[in-house]
Amino acid sequence: MPKLILWGRTWMVGTDDFVFPGIRGFVINCAIAVWIPLIFNLGSDDCGQGVKEYLWASFALHCTNAVLCLALAFTSSRGGILLQASKREMVPTLLTIICILTLFVLGVAVWGLLELLRHDACNDHPEDRHWLMGTAIVQVTLVTCTLCVMVLDYNCSNDVLDPAEYELMWKTRCKRAFCFVKDADENLFEEIAKVMAGIFSGLDFVVSDIAAGMALLHAYQIAVIKKAQKNANLLTDKGKATGHPSISLSHEARPIQKLSDQAEEDLLILHQFSGYFMGAYGWPLHIYANPMSWMGKLCGSCCKGLPSRDVVHDDNCCKCNSAAWMAETKADKENLLYSSWVSKIDRPAFYICVDHDANAVILGIRGTLSPEDCLTDANADVMPFGEDLVEGGLCHKGIGIAARGVRKAVDSEGLLENAFREYPKYRLIILGHSLGAGTAALLSIELKSKYPNLLGLAYSPPGGLMNSVLCEHSRDYILALGLGQDIVPRASINTVRNFRDRMLETFAHSETPKCKILGCCCFSSDTKEKAWFNLEKTEERRSEPYNESTHLISAYLRSIQTICEPTVQLYPPSRYIHIMRVGKQGSTEILHPISMNVEDLMDEGILASTSMVFDHFPHTVMRAINKVVDPNKRYPLNGFGMPSTYVNPLKTSFTPNAVQAE
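Here is what the cut-offs are and how they apply
Residues numbered from 1 in each chain as written. Predicted model: local features only at pLDDT ≥ 70, side-chain atom pairs only at ≥ 80, totals over all residues. Heavy atoms only, no water. Helix = DSSP H or I, 4+ residues; strand = E, 2+ residues; numbered from the N terminus. Buried < 20%, exposed > 50% of the residue type's maximum accessible area, 1.4 Å probe, protein only. Contact = heavy atoms within 4.5 Å. Areas by Shrake-Rupley, 256 points an atom, 1.4 Å probe, with all protein chains shown as cover. Phe/Tyr/Trp six-rings, centres within 6.5 Å; stacked < 30°, edge-to-face > 60°. Pairing = 2+ DSSP bridges. Expected span 1.5 Å × (residues − 1). Salt bridge = Lys/Arg side-chain N within 4 Å of Asp/Glu carboxyl O. Core = buried A, V, L, I, M, F, W, Y, C linked by side-chain atoms within 4.5 Å. Axes fitted to C-alpha atoms, helices over the stretch in contact; angles between N-to-C directions. Parallel < 35°, antiparallel > 145°, perpendicular 65-115°, else oblique. Left-handed = near helix turned anticlockwise from the far one by under 90°. Nonpolar A, V, L, I, M, F, W, Y, C, P; charged D, E, K, R; others polar. Disulfide = S-S within 2.5 Å. Right-handed = clockwise from strand over helix to strand, strands pointing away. Polar contact = N/O pair within 3.5 Å; in protein donor to acceptor, adjacent residues only side chain to side chain.

Asker: Account for the overall build of the protein chain, with residues named and values stated.
Answerer: From N to C terminus, the protein chain includes 24 helices and 14 strands. Taking all 662 residues of the protein chain together, 54% fall into the buried category. Counting only contacts in the protein chain whose residues sit at least 6 apart along the sequence, the fraction spanning at least 24 positions is 75%. A total of about 30,000 Å² of accessible surface is found on the protein chain, and carbon and sulfur atoms cover 58% of it.

Printed below as a string of structure tokens:
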């Protein structure tokens, strides 16, 4: 950061992204420069004057390129991500010279190949001829790869701050990424582009900036929590919980609360049907979650017999999805009434089955697993929903369309009517995970009037799902559950924007080079104490009334003030059980379920963590539920030494109004 501006165009890399490429270029050019005089006699005319000139030219070009690559790496490593970026102003010039010399290398390599092929050079020395041709081919390959990387990093527009231009750029990106999706239309790409432009408008971010920003935020969270715990005398000098030296506190320091009787009952229900959301993913997730035993389990399901083709739709020839469903749910083939294993843009994959032990007809909806599902997730604008039931209901547009698509598919074939005709005393349970959880929640709202005893179960539902009106309306019949620092239940357009702003603020207060941050994250095993992060310096810079940092943030806020439109805050379903990580007992992780207000969850926002993605994986959620479902097996937390108040590490001193006033 900032983005590289070269030859009058912007590129999808920053000026501080050339440290490792520069070092790599230095090593490669040095290797070739050493290789040429080591293998070949530069003073010999045995292969002809043309070959001799080719070797000398290659040697000189690679030596020069090695020096320039080293200078590029050094220059790119100077300054912070956002602070002191002027120290890297020579990067475009160095890149221009290196590119010119690289083209010369390509020309010289082609010339060398022609000399070898035309004049039958080195016929008396076949080994030298082979080595020469190999060297020239390596040179051509390296230059070609470099040019391909340049094409991938090229950005088609220089004026990314113009809203219309920026939306068009995102639309083009989406169309290229999902060019193989047949049913996608222009309107869908325009809606997704509008959402993406609203989130990233005015930013000079590149991918590596986001990775470094998340590492900085994670380090800041840990430092803030540790400082708060030390000030409260909760930690000893060794950083262990007082009274429990074998248990270390995690950075998710939330006060422990005992679940109410109703919440305990909700947790048992969520556990009882948890196998069904796993089964909805079919064989891909089953193999991923059971890498050593999947074959035996699938073969065991096949031995029991698989459902007939009348019931199974869009499965593969071996019915692997149906076999995986049987393995995960422990159900018989007769229990599966209908399944469709292929997603569409307006309808995710789903199935209908019966659970005779629970006297329930279950409609299970699959989460994100296909490109069509990704398009549904990305269509994050709001739309009216449930107008016939409650006034003012709003929801995630893509998931709202998916819920109505599932209902249309179910109603068109009378699937639920047929099921309840056969099992009239059963109740309807609609469930899913991730995208499936959001679709199940909204579909439950639509079908509640038709099936009064309906129950919706949402495992790790999207955070930007429904507004407070629908949350309150559905509180009595939709249960939700999330794990740890899972990003999905915390993610909405507003929380993503807040995460973006906090990341920018972290950039503005950090003088640490990006290469040092990413290098420490990749090659250091110490994840708790970040040697490259200094909380005292960060807070000291924040306390200054006006400096370079506040100037940069103020300029950023002015740039997006007219671009980013305010959006309605959406939430996950309000009857929400959160499984939090309390700490560790030896190598065993301690989990504890609490009832959580979804407004507090969204106010806390997205937390940068190494587990923010893994906490969303279905099998991770399943294992967490199995650990906490029995209250008698939970760790006795009395006297554990947890803080009396929760410290939100993202409640920083970043106040847009105050900064904007500057």
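Asker: I'd like a rundown of the packing of aromatic side chains, residues and numbers included.
Answerer: Under the criterion given, the structure shown has 10 aromatic pairs. Ring centres of W7 and W11 lie 5.9 Å apart, and the angle between their planes is 80°; this geometry places the pair in the edge-to-face category. We classify W7 as partly exposed; its relative accessible area is 48%. Between F273 and Y276 the ring centres are 6.3 Å apart and the planes differ by 35°, which places this aromatic pair in the tilted class.

Asker: Quick one: what's the story with helix α12 (residues 320-329), residue by residue and with numbers?
Answerer: Structural remark: α-helix, 3.6 residues per turn; residues separated by three or four positions point the same way. Within α12, 9 of the 10 residues are buried, which leaves it mostly tucked inside the rest of the structure. All of the buried residues along α12 are N321, S322, A323, A324, W325, M326, A327, E328 and T329. One or two steps after α12, the chain reaches K330, where phi turns positive at roughly 60°.

Asker: Lay out the pairing of strand β14 (residues 588-596) in plain terms, naming residues and giving numbers.
Answerer: In the sheet, strand β13 (residues 576-585) pairs with β14 via 9 bridges, with the strands oriented antiparallel. Bridging across to β14, Y576 finds its partner in M596. Adjacent in sequence and paired antiparallel, β13 and β14 are bridged by 2 residues, among which G586 carries a positive phi angle near 70°.

Asker: Break down helix α14 (residues 397-412) for me, with residues and values.
Answerer: Counted at 1.5 Å a residue, the expected span for α14 with its 16 residues is 22 Å, and the 22 Å between its end C-alpha atoms agrees. The set of residues buried in α14 consists of G398, I399, G400, A402, A403, G405, V406, A409 and V410. After α14 finishes, the residue G414 shows a positive phi value of roughly 60°.

Asker: For the pattern of salt bridges, give the residues involved together with the corresponding values.
Answerer: Scanning all chains against the criterion turns up 19 salt bridges. Among the salt bridges present, the one from R366 reaches D373, with a minimum N-O distance of 3.5 Å. Overall, the relative accessible area of 7% leaves R366 in the buried class. With a relative accessible area of 0%, D373 lands in the buried category. Each of the salt bridges in this network shares a partner with another, and the network as a whole consists of D16, D17, R88, D209 and K514.

Asker: Tell me about the nonpolar core, residues and numbers included.
Answerer: One recurring pattern in soluble globular proteins: nonpolar side chains tend to sit buried together. F350, V361, L416, L428, I430 and L442 are the most contacted members of the largest nonpolar core, which has 48 residues in total. Counting residues per element, this core draws most heavily on helix α16 (residues 435-447), which supplies 8 residues. Those residues in contact with F350, other than ones at most four positions away along the chain, are Y338, S339, S340, L363, G364, I365, V406, A409, V410 and L415.

Asker: Explain the packing of helix α5 (residues 163-177) against helix α6 (residues 186-200) residue by residue, including any values.
Answerer: Their axes nearest at 8 Å, the elements α5 and α6 cross at an angle of 125°. On the basis of the axis angle, α5 is oblique to α6. Between α5 and α6 lies a crossing whose hand is right-handed. On the side of α5, the interface is formed by Y166, E167, W170, K171, C174 and K175, while α6 contributes E186, F189, E190, I192, A193, K194, M196, A197 and F200. Along the lines of polarity and charge, the residues of the contact of α5 with α6 split into 9 nonpolar, no polar and 6 charged.

Asker: For the state of the cysteines, give the residues involved together with the corresponding values.
Answerer: Within the structure shown, the criterion is met by 0 disulfides. As a non-bridged cysteine, C30 has C63 as the owner of its nearest cysteine sulfur, 7.5 Å distant. Looking at the unpaired C69, the closest cysteine sulfur is the one in C30, lying at 8.9 Å.

Asker: Which residues make up the pairing of strand β10 (residues 427-433), and what values do they have?
Answerer: For β10, a buried count of 6 out of 7 residues is recorded, marking the element as mostly surrounded by other parts of the structure. Relative to β10, strand β7 (residues 360-365) runs parallel, the two sharing 6 bridges. When the bridges of β10 are listed, L363 appears paired with I430. The sheet contact formed by β10 and strand β11 (residues 455-459) spans 5 bridges and is parallel. The residue of β11 that forms the bridge with I429 is L455. Following the chain from β10 across α16 to the adjacent parallel β11, one finds a crossover that is right-handed.

Asker: Explain the side chain of R581 to me, and be specific about the residues and the numbers.
Answerer: One can find R581 in strand β13. Here R581 falls in the buried class, since its relative accessible area comes to 16%. Within polar-contact distance, the side chain of R581 engages the side chain of E589 at 2.5 Å. Side chain to side chain, R581 and D615 meet in a polar contact 2.6 Å long.

Asker: Could you give me a rundown of unusual backbone geometry, with the residues and numbers involved?
Answerer: With a phi close to 65°, S434 is a non-glycine residue in the positive phi region. Within the fold, S434 resides in the loop between β10 and α16. In this structure S434 comes out as buried when scored by relative accessible area, which is 8%. At S460, a position not held by glycine, the phi torsion is positive, near 50°.

Asker: Got a sec to walk through the environment of F277? Specific residues and values, please.
Answerer: Here F277 is to be found in helix α9 (residues 274-279). Distance in space between the C-alpha atoms of F277 and A458 is 9.2 Å, their sequence separation being 181 residues. Beyond its immediate chain neighbours, meaning those up to four positions away, F277 contacts Y351, L431, G432, H433, Y459, P618, V621 and M622.

Asker: Help me get a handle on the packing of helix α1 (residues 19-39) against helix α2 (residues 49-76), residues and values and all.
Answerer: Across the interface, α1 lies against α2 with an axial gap of 8 Å and an inter-helix angle of 160°. Taken together, the axes of α1 and α2 lie roughly antiparallel to each other. Between α1 and α2 the crossing geometry is left-handed. Listed contacts from α2 to V19, G22, I23, G25, F26, N29, C30, I32, A33, I36 and P37 of α1 are L55, S58, F59, H62, C63, N65, A66, C69, L70, A73 and S76. For the contact of α1 with α2, the class distribution of residues is 15 nonpolar, 7 polar and no charged.

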